[in-house]
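# Architecture at a glance
Here are the chains, one letter per residue:
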Amino acid sequence: MQTTAVITAWKTAADIAATSLEHESWNTAQSVPITRYWSGAEAPAHRHAEARLVWSEQSLGVRFVCRQEESLVVSANPQADTKTLGLWDRDVCEIFVAPDLAAPNHYFEFEAAPTGEWIDLELQARLGGRDTNWEFESGMTAAARSEGNEIVVALRIPWSEAIPKPAPGVQWRINLCRCIGGDPDRGYLAWQPTRTKEPNFHVPDVFGSLIFAD
């Protein structure tokens, strides 16, 4: 499975907490634009976002910076102490990772909302659908800030048996997505568009590559 879409995550000496939204390491990380809908069509600029990824001896860090010129679609009573099912129905940033190139249909989904709510899932794609481990626990943490027309959302995903610490040069499969707005003009943006008939991010075949650099 080959892809020309590649993100490089640089290693940092610091283990960046999700709450460290302005840590200096984000300034030198690769900027990954998220500007197209799942269909491949260009999204309007007021819905664009960018993501940056770094890694350390302890974790993978992901930060999204999003344009936000429309009303937030979020929970009126957010609960950030445990995973929030249905988070994908509101404004949210998402990262999908498949750490094993030999098993690209076994992947993980991590989401975080402007409220700091989050969810982590383990998935197995199969013909005609997918199986979801709703009880998966990654130990992820999330944080967010909303100011004016900008939202910043960050996730920290610790290394574990399921998400093993990579060596420099290791490659994973990955996609980065954003959901914004409510019906009837809800937007589903993806770094690597899935080009499905209906909005659907669960297409491992189109994931790009993440390379860990020292």
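An account of the accompanying structure is given in this report. All values reported here derive from a predicted model rather than from experimental measurement.

Reading the values: the criteria
Residues numbered from 1 in each chain as written. Predicted model: local features only at pLDDT ≥ 70, side-chain atom pairs only at ≥ 80, totals over all residues. Heavy atoms only, no water. Helix = DSSP H or I, 4+ residues; strand = E, 2+ residues; numbered from the N terminus. Polar contact = N/O pair within 3.5 Å; in protein donor to acceptor, adjacent residues only side chain to side chain. Contact = heavy atoms within 4.5 Å. Buried < 20%, exposed > 50% of the residue type's maximum accessible area, 1.4 Å probe, protein only. Pairing = 2+ DSSP bridges. Salt bridge = Lys/Arg side-chain N within 4 Å of Asp/Glu carboxyl O.

Time to look at the side chain of H202. Tracing the chain through its elements places H202 in the loop between β12 (187-190) and β13 (208-213). Here Y107 takes part through its side chain, which lies 2.7 Å from a polar atom of the side chain of H202. Dropping the residues within four chain positions of it, H202 is found in contact with F96, Y107, E109, L123 and R130.

A word on the pairing of strand β11 (residues 171-180). Counting buried positions along β11 yields nine of 10 residues, so the element is predominantly enclosed. As paired elements, strand β5 (residues 92-98) and β11 share seven bridges and run antiparallel to each other. Bridging from a neighbouring strand, C93 pairs with R178 of β11. Pairing of β11 with β13 involves four bridges; the strand directions are antiparallel. Note on β13: the bridge partner recorded for W172 is L210. In this structure, β11 lies alongside β12, joined through four bridges in antiparallel fashion.

Turning to the pattern of salt bridges, a few remarks are in order. According to the stated counting rule, one finds 12 salt bridges in the structure shown. Between E57 and K11 there is a salt bridge whose closest N-O contact spans 2.3 Å. Placement of the pair is E57 in the loop between β3 (49-55) and β4 (59-67) and K11 in strand β1 (residues 6-11), with a sequence separation of 46 residues. Assessed through its relative accessible area of 39%, E57 is described here as partly exposed. Looking at K11, the relative accessible area reads 27%, which means it is partly exposed. One connected set of salt bridges, linked through shared partners, spans E22, R145, E147 and E150.

Our next topic: the environment of L21. Here L21 lies in the loop between β1 and α1 (25-28). Taking the relative accessible area as the measure of exposure, L21 reaches 8% and is therefore buried. For the pair formed by L21 and P164, sequence separation is 143 residues and the distance between their alpha carbons is 24 Å. Residues within four places of L21 in sequence aside, it is in contact with W26, R63, A143, A144, R145, V152 and A154.

Most of β3 is tucked away, with seven of its seven residues classed as buried. Neither face of β3 is left uncovered, since the one carrying A49, A51, L53 and W55 and the one carrying E50, R52 and V54 both have all their residues buried. Looking at chain direction, β3 and β4 are connected through seven bridges and run antiparallel. Looking across to β4, one finds that A51 is bridged to F64. In sequence, β3 turns back onto β4 through a hairpin of three residues.

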